[in-house]
Amino acid sequence: MRRRTIFIASLSLLMFGWSATGVAQSNSGSLTGIVRDERGAVVPGATVRVTNVGTSATEIVTTDRDGRYEVPVLPTGRYKIEVSASGFKTTEVSDLPLAVGERARVDVTLPVGEVSASVTVADQTRVDTETTTIGDTIGTERVENLPVNGRDFTLLLATVPGSVQTGNFFQTSINGVPTWFGQSVLVDGIDAGRGDLNGISNTLGRIDARVNRISMDSIQEVQVLEQTYSAQYGQAIGAIINPITKSGTNDLHGGLFEYFRHDRLDANDFFANARGVGKTKFRLNQFGGNLSGPLVRDRLFFFANYEGVRQSQGTVLQGLVPTQAFRATFKPALAPVLAKLPLPNGPLSPSDPRLGLFTKIETRRLREDTGSVKLDYHLSERDQFSLRYNIDDSETITPYGIAKDQIAPGSLRVQLFKFSHTHTFSGSKVNEFAVGLNRNVTYPQGGDMSLPIFNFTFADAAIAGPGPALFSQFRATTVVQFLDTLSVVRGNHSLKFGTDIRLNRRAARVDQQDTLIFFSVDDFANNAPFIAQRIGHPTLGYRNENFSFFVQDDWKVHPRLTLNLGLRYDVSTPSREQYGRLQNFDLRTRTYTPIGARVHDPDLNNFGPRVGLAWDLFGTQRTVLRAGFGIFYNQELPASFGSPQNNTYPNLTVNVFDAFFGGFPLSFPLDPRVFALAPPSSKAINAIDPHLRTPYAEQWSLNIQQDLKIGVLQVGYVGNHVLKLTAGSSITALNINRADPFTLARPIPTLGDIFIIAGYPQSNYHALQATFKRRLARGLGFNFNYTWGHEIDDAIGFFKDYQNNNNLRADRASGDHDIRHNFTFDLTYEVPSLRRLISGLPRAIADGWQLNSITQMRSGLPVNVTVTGGLFGGSLRPNLIPGVPIRPPDYRLPDRQFNPAAFAAPPPGQYGSLGRNALRGPGFAQVDLSLFKNFALTERTSLQFRAEAFNVFNHPNFALPFSGLQRDPIKNSLVPTASFGQSFQTVGNELGGLLGAGGPRQVQLALRLIF
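Calculation rules
- Residues numbered from 1 in each chain as written.
- Predicted model: local features only at pLDDT ≥ 70, side-chain atom pairs only at ≥ 80, totals over all residues.
- Heavy atoms only, no water.
- UniProt positions renumbered as here; feature names shortened; annotations may be inferred.
- Helix = DSSP H or I, 4+ residues; strand = E, 2+ residues; numbered from the N terminus.
- Areas by Shrake-Rupley, 256 points an atom, 1.4 Å probe, with all protein chains shown as cover.
- Lys, Arg positive; Asp, Glu negative; His and termini not counted.
- Charge placed at Lys NZ, Arg CZ, Asp CG, Glu CD.
- Domains from an automatic or database assignment.
- Contact = heavy atoms within 4.5 Å.
- Buried area = accessible area lost by both parts, 1.4 Å probe.
- Salt bridge = Lys/Arg side-chain N within 4 Å of Asp/Glu carboxyl O.
- Polar contact = N/O pair within 3.5 Å; in protein donor to acceptor, adjacent residues only side chain to side chain.
- Nonpolar A, V, L, I, M, F, W, Y, C, P; charged D, E, K, R; others polar.
- 1 Å grid on protein atoms, 1.4 Å probe; cavity = no way out; pocket = protein on both sides within 12 Å on 5 of 7 lines; lining within 4 Å.
- Points joined across faces, edges and corners; volume = space filled by probe spheres on them.
- Pairing = 2+ DSSP bridges.
- Phe/Tyr/Trp six-rings, centres within 6.5 Å; stacked < 30°, edge-to-face > 60°.
- Buried < 20%, exposed > 50% of the residue type's maximum accessible area, 1.4 Å probe, protein only.
- Lys NZ or Arg CZ within 6 Å of the ring centre and 35° of its normal.
- pLDDT = per-residue confidence, 0-100.

You'll find the chain entered in an unreviewed UniProt entry as Outer membrane receptor for ferrienterochelin and colicins, with Pyrinomonas methylaliphatogenes given as the organism. Comment text from UniProt for the chain, heading Subcellular location (unreviewed entry), reads "Cell outer membrane".

See the structure below:
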């Protein structure tokens, strides 16, 4: 009955969206301006003809009594504007670029006379006199020219203001909001997210696919909305990343390309050099092509492309295995296990000669194929249709151990679809309708499932265990989206009314896996594990719906002042499982709620106002003051709060005592009945707030833009306050039944960990941002970005915990992704003919050179010092000794970064005084450079050779150092480990080593045939 009610409500709201309003995210822009005569008086009744240069599509509007004109909806592209009026010369403005979401202002002055003669060229870089949006549009030239390692368009986010992309997965951010949570990725305005995570990542587990949404060859531009954007956009507390795909034109265009990488062209890793180890194998071929043009001139256009990736990467696998003599002492039941393990081919272990080292080199492989097709049909001046389909299919083969059959396959298939219809009622009323589909199916398998996982972490982590890799999980997400926007111009008001409806479906399964944990090598030989664990659950069908409605009024109060006023309402149905197989935990009764009962109530008060102003201070369109404020709600995805299935299908843990008293042996092969003995205290519980709120952000900005003729300078303040972050998803949840770190006692002894899934973490971000940019014109384009910022939060990340569960405020500090100083710079420079320097040089050598670069520099990321661990942060922290410097006098990268003498163990039973994330790791600096040589083969055909070097100066960028201190419980003192304050890998190693930022110098060669 409830499902039927939800369906009827969805259908009713959908019909309301079709009939009453009008896309919530479109791939169009708009054009406005004022027509004046040479004396400055406005010219009413002038005819303004706006023509798309590529398709010849034309819009005609008339200026009002104030001389103002507006075209509310225009596809992105290049335009020419012709303005005519009785008694004046016809004036043309040519080569006007219009970006997605842009409200371009072009004022026109009409000379007196009857002869058409006046032609001007539109400014390529303009101040924004119409909106308060903080963000950037990565135009065609930057997409096509900038050096991108691996051809993943999301790496271009490094070039937008406030963006930090030079850390591991949990350390990247845009304006203080992490990129793995709270950001929205679209394609042509249609959802292109992972379906269970509102972030930039689109892969799960051991999947290496990169071109998994859209090929860079099919991107016209990338719209990045960072803060204080229009009410037309939502479903994110951070940035919206919206690549716009190319369309065909009246001219036939196409190209073929091949990108090539080989380890012989690369430098060796810093730490491999230090160990005297050579480079590992790496081969990468990315190839493909595109074709576009008219099927029916001025009417029907097409664009199609294909890109393939073939990648192989060597990986060194090592582990300790039993010698032949030692194997003879093993219990006979372990014969199938030993058969999977090879004999040593290296030295014996100095700590246990019964074990020897085995080493082999395997190859990790990636096959990825992606393609798209797009059709644009101009039925008439009133109706235009567009249809696009993208598909990406990949397979990753991952060797993960030295035992037989330890190879894990992983598959990913992404399909994106959009159909849209734009109808023009009149020059002042336009409706845009779209329907989209986002389908993501992935299955990173665990490999050899014939055995359980043999875990030796407590004995010696170097011992090789047979069996599968941890987690073999299937996930299929489907998002069906309906969008409609009605744009209306009424006098000096430009109005938009719209809706965005998303039907979210997610199927998820974790294959059953058992793990045997041994505390010693002898226990292994005796087939005597101390702990057995089981994870897994059947395929569950999660679902929910998002409904969004908005109104936006861009009010031209004065020719020099624009107010942006908007209101957006976002509401979602609570997450549910297809067959009601979700349960909550009632803290009052300490019991589970009935299966099928609603997990939490809907959050119905998600109203998001948007207010902003753009003030042309001197009326010259060269100096603009902009300010904005808004409230932005995150997208609620189905059951995205942690592990919602844990209450119904908990992970099970049984130790040797549970098994002994239960009458079952704990040995291999496992008797499955042993897991029925798992005590309640071993099962983790999720207590979901029954009034769970939607996370939201308050955003504000104040900046001034100045046109310096060579480019536009913007300096301003950007801030946000993120509230009600859902702990238990990408953020560690508060464990109210955690074993006391000093006494080990639990508040409720009969139960295990109880995690509170609710919206209590929050963050603040304040930044000074300066940008100076110039679109490519007359051979030069550049983009400088500098941010001085500070992000503060009490959101504890993965693999970490609160120090004191009774004082969460003690963990409020600089966040894991806080960066104080960040600078990025990108450049495109078309080198003038070398014949200027060397006369007589053949044109084939002298002409066609181009230089491109991306530079990224930042200060260090925070480091959390703990006394209970290091790599993952632990929870307990030490005391800081006053007067002792944290930085050692013999500071040196990468191995002497912190002074262990600056820390002391707190008294027994007390928490340390050192704050969370109190230290800083090393900074980052990398320059990527590319050199192009273009050869003109014919008038319409050219061949382009590219040489690209990533980290051209081979500067080592070290990852965060080890920060764990060991505590001597007898003396209550801290023992500095040999690893404390040392970095053992580079940022590139954290990101996969040979793709992305932070690795050694890597060289890529490419050929492109362009016609």
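K.L.:
Honestly, the overall build of the chain in this entry has me stumped. Any pointers?
P.N.:
When you go through the chain residue by residue, the secondary structure sums to nine helices and 54 strands. Along the longest, intermediate and shortest principal axes, the C-alpha atoms of the chain span 105 × 75 × 60 Å. Accessible surface computed for the chain: about 40000 Å², of which carbon and sulfur atoms make up 60%. Of the charged side chains in the chain, 98 are positive and 87 negative; the average position of the first set lies 2 Å away from that of the second.

K.L.:
I keep staring at the domain arrangement of the chain and nothing clicks. Help me out?
P.N.:
Note on interface size: it is often stated as the accessible area lost on association of the parts. The domains assigned to the chain are domain 1 (21–122) and domain 2 (153–1010). Here the C-alpha centre of domain 2 lies 42 Å away from the C-alpha centre of domain 1. With 32 residues of domain 1 at the interface, the matching set in domain 2 holds 48 residues. Counting the surface lost from both domain 1 and domain 2, the interface buries some 3100 Å², and carbon and sulfur atoms represent 48% of this. At the boundary of domain 1 with domain 2, the tally comes to two salt bridges. Taken together, the connections running from domain 1 to domain 2 amount to 13 residue pairs in polar contact (both at pLDDT 80 or more). Among the secondary structure elements, those contributing two or more residues to the side of domain 1 that touches domain 2 are β1 (28–37), β3 (58–62), β4 (68–75), β6 (91–98) and β7 (103–105). Ranked by residue count, the leading element in the side of domain 1 that touches domain 2 is β4, at four residues. Classifying every residue of the side of domain 1 that touches domain 2 by side-chain character gives 11 nonpolar, 12 polar and nine charged.

K.L.:
I would appreciate a short explanation of empty space enclosed by the protein in the present structure.
P.N.:
A water-sized probe rolled over the atoms picks out the places where empty space is left. When its volume is computed, the largest cavity comes out at roughly 90 Å³. Residue lining of the largest cavity: Gly 162, Val 164, Ser 173, Gly 176, Tyr 765, Thr 787, Glu 791, His 817, Asp 818, Ile 819, His 821 and Asn 822, and that is the complete set. Looking at the lining of the largest cavity, the elements with two or more residues in it are β42 (780–793) and β44 (821–830). Per-class residue counts for the lining of the largest cavity are three nonpolar, seven polar and two charged.

K.L.:
Would you mind showing me how to read the pairing of strand β40 (residues 754–757) here?
P.N.:
As a general feature of sheets, a regular strand has side chains that alternate between the two faces. In this structure, strand β36 (residues 685–688) lies alongside β40, joined through four bridges in parallel fashion. Across the sheet, Ile 688 pairs through a bridge with Ile 757, a residue of β40.

K.L.:
It is not clear to me how the packing of aromatic side chains should be interpreted in this structure. Could you clarify?
P.N.:
In this description, a pair of aromatic rings is defined by centroid distance and the angle of the planes. One pass over the structure, following the stated rule, counts 33 aromatic pairs. Look at Tyr 229 and Phe 632: their rings are 4.7 Å apart centre to centre, the planes differ by 65°, and that puts the pair in the edge-to-face class. Of this pair, Tyr 229 sits in the loop between β16 (219–227) and β17 (240–245) while Phe 632 is found in strand β34 (residues 623–633), placing the two residues 403 residues apart along the sequence. Its relative accessible area of 0% is what places Phe 632 among the buried residues. Positioned over the ring face of Phe 326 is Arg 354, at 4.5 Å from the centre of the ring. If you follow Lys 933 out to its NZ or CZ, it ends over the ring of Phe 935, 4.1 Å from the centre.

K.L.:
Where do I start with the side chain of Gln 220 in this structure?
P.N.:
Among the structural elements, Gln 220 can be located in strand β16. A polar contact is formed between the side chain of Gln 220 and the side chain of Thr 76, at a distance of 2.9 Å. In this structure, Gln 220 is in contact with Thr 76, Gly 77, Gly 139, Thr 140, Ile 244, Thr 245 and Lys 246, ignoring residues within four places of it in sequence.

K.L.:
Whenever I open this one, the sheet that holds strand β10 (residues 134–138) confuses me. Can you help?
P.N.:
Think of a sheet as strands paired side by side through backbone hydrogen bonds, with each pair either parallel or antiparallel. The strand order across the open sheet formed by five strands is β10-β16-β17-β14-β15, and the pairing between neighbours is mixed. The sheet is open, and its two edges are formed by β10 and β15 (190–191), each paired on a single side.

K.L.:
It is not clear to me how the environment of Gln 220 should be interpreted in this structure. Could you clarify?
P.N.:
Take Gln 220: its relative accessible area is 16%, and that puts it in the buried class. A sequence separation of 325 residues divides Gln 220 from Glu 545, and the C-alpha atoms of the two residues are 31 Å apart.

K.L.:
I'm lost on the sheet that holds β36 in this one. Help?
P.N.:
An order of β36-β40-β39 is seen for the three strands of this open sheet, with the pairing classed as mixed. Whereas interior strands pair on both sides, the edge strands pair on one side only; in this sheet they are β36 and β39 (734–735).

K.L.:
Please explain the pattern of salt bridges as it appears in this structure.
P.N.:
Pairing is possible between side chains of opposite charge, provided their charged atoms come close. Across all of its chains, the model carries 59 salt bridges by this definition. Linking Lys 360 and Glu 362 is a salt bridge whose minimum nitrogen-to-oxygen distance equals 3.2 Å. For Lys 360, a relative accessible area of 22% puts it in the partly exposed group. Shared partners join several salt bridges into a network, and the residues in it are Arg 36, Arg 68, Glu 70, Arg 103, Arg 105, Asp 107, Glu 130, Asp 554 and Lys 556.

K.L.:
What exactly am I supposed to notice about the environment of Pro 741 here?
P.N.:
Relative to the assigned elements, Pro 741 resides in the loop between β39 and β40. Using a relative accessible area of 30% as the deciding quantity, one classes Pro 741 as partly exposed. Along the backbone, Pro 741 and Leu 876 are 135 residues apart, and their C-alpha atoms lie at a distance of 8.2 Å. Not counting the four nearest positions on each side in its chain, Pro 741 is found in contact with Leu 876 and Tyr 911.

K.L.:
Sorry, what's going on with unusual backbone geometry here?
P.N.:
Only a minority of non-glycine residues have a phi that is not negative, and only a minority of peptide bonds are not trans. For the peptide bond that leads from Phe 668 to Pro 669, omega is -5°, which places it in the cis range. Residue placement: Pro 669 occurs in the loop between α7 (656–662) and β36. With an omega of 5°, the peptide bond between Leu 893 and Pro 894 qualifies as cis. Tracing the backbone through its elements, the reader meets Pro 894 in the loop between β47 (879–880) and β48 (903–904). Positive phi outside glycine occurs at Leu 744, with the angle close to 70°. Within the element layout of this structure, Leu 744 appears in the loop between β39 and β40. Judged by relative accessible area, which is 64%, Leu 744 ranks as exposed.

K.L.:
Is there a simple way to think about the confidence of the model for the chain in this case?
P.N.:
Regions with low pLDDT carry predicted coordinates that are not meant to be interpreted in detail. Chain-level statistics for the chain give a pLDDT mean of 92 and a share of 96% at 70 or above. Under a pLDDT of 50 for its full length, residues 1–24 has, in the predicted model, 49 contacts with residues more than four places off or in other chains. Under a pLDDT of 50 for its full length, residues 869–873 has, in the predicted model, 12 contacts with residues more than four places off or in other chains.

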